[in-house]
Amino acid sequence: MSHFYDDWGEIRGNGNRVHEGIDIRAQKGSPIVAIADGVVNTLAFTESSGYYIAIDHQNGWLSLYVHLDDDINGNDNLGGRNTAFADGIYLGGEVIAGQTIGYVGDSGNADGTVPHVHFEVRYMGKSYDIYDYLMETNLKESEIMSRIFKSIFITLFSFGFLLAQSTIQGTV
């Protein structure tokens, strides 16, 4: 079972930062798929983000997937890159919409929280709240989550991404 809500703008980190993404909760190890075609821009680990991946979709657009899985059964934080990123994902590699790129977890400052992926869409370096665009699809949350975590082509996020892209660029 998966769940997300509008947590954009929440104050985090003892009040010193604003949350600029959507946290999508799911079972640890659930596949995460790319929202659109692109090139892997970043595969990294930081203490706060844990394992994360960024995909460049060209023309200033980037999607970001944070707090990927770093656990192996019975051993917290020992899985590393092998449990975070999908096979065949590498820096500079091309990905297609719907391709599995990584796995839901709780790495970084999410360690010990409900497993989730922090999902973010950026345009020209600025993060955008796409929650309302996602809700405009009129799909039930269960349908949304089914499409995201069963590695089916993500019409929801693709729609939200494209609608946000058009709106932000002033073409709607």
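Located above this text is the structure these notes cover.
I will try to describe carefully the structure that is included in this document. Note that this is a predicted model, so its numbers are computed, not measured.

1. Let's talk about the nonpolar core
Nonpolar side chains in soluble globular proteins tend to be buried together.
Point 1. Counting 28 residues, the largest nonpolar core has Ile 53, Tyr 65, Leu 68, Ile 89 and Ile 101 as the members making the most contacts within it.
Point 2. Elements with a contribution of two residues or more to this core: strand 4 (22–25), strand 6 (38–46), strand 7 (50–58), strand 8 (61–68) and strand 11 (116–123).
Point 3. At four residues, the largest contribution of residues to this core is made by strand 11.
Point 4. Apart from the residues lying within four places of it in its own chain, the contact partners of Tyr 65 are Ile 32, Val 33, Ala 34, Ile 35, Tyr 51, Tyr 52, Ile 53, Ile 55, Ile 101, Val 117, His 118 and Phe 119.

2. Here's the deal with the pattern of salt bridges
Point 1. The full count for this structure, using the stated rule, is two salt bridges.
Point 2. Note that Lys 28 is salt-bridged to Asp 106, the shortest N-O span being 3.3 Å. Here Asp 106 lies in the loop between strand 10 (100–103) and strand 11 and Lys 28 lies in the loop between strand 4 and strand 5 (31–33), a separation of 78 residues in the sequence.

3. Comments concerning unusual backbone geometry
Point 1. In this structure, Asn 59 takes a positive phi of about 55 degrees despite not being glycine.
Point 2. Relative to the elements of secondary structure, Asn 59 occurs in the loop between strand 7 and strand 8.
Point 3. The phi dihedral of His 67 is positive, around 75 degrees, even though this residue is not glycine.
Point 4. Along the chain, His 67 falls in strand 8.

Reading guide: rules and limits
- Residues numbered from 1 in each chain as written.
- Predicted model: local features only at pLDDT ≥ 70, side-chain atom pairs only at ≥ 80, totals over all residues.
- Heavy atoms only, no water.
- Core = buried A, V, L, I, M, F, W, Y, C linked by side-chain atoms within 4.5 Å.
- Buried < 20%, exposed > 50% of the residue type's maximum accessible area, 1.4 Å probe, protein only.
- Helix = DSSP H or I, 4+ residues; strand = E, 2+ residues; numbered from the N terminus.
- Contact = heavy atoms within 4.5 Å.
- Salt bridge = Lys/Arg side-chain N within 4 Å of Asp/Glu carboxyl O.

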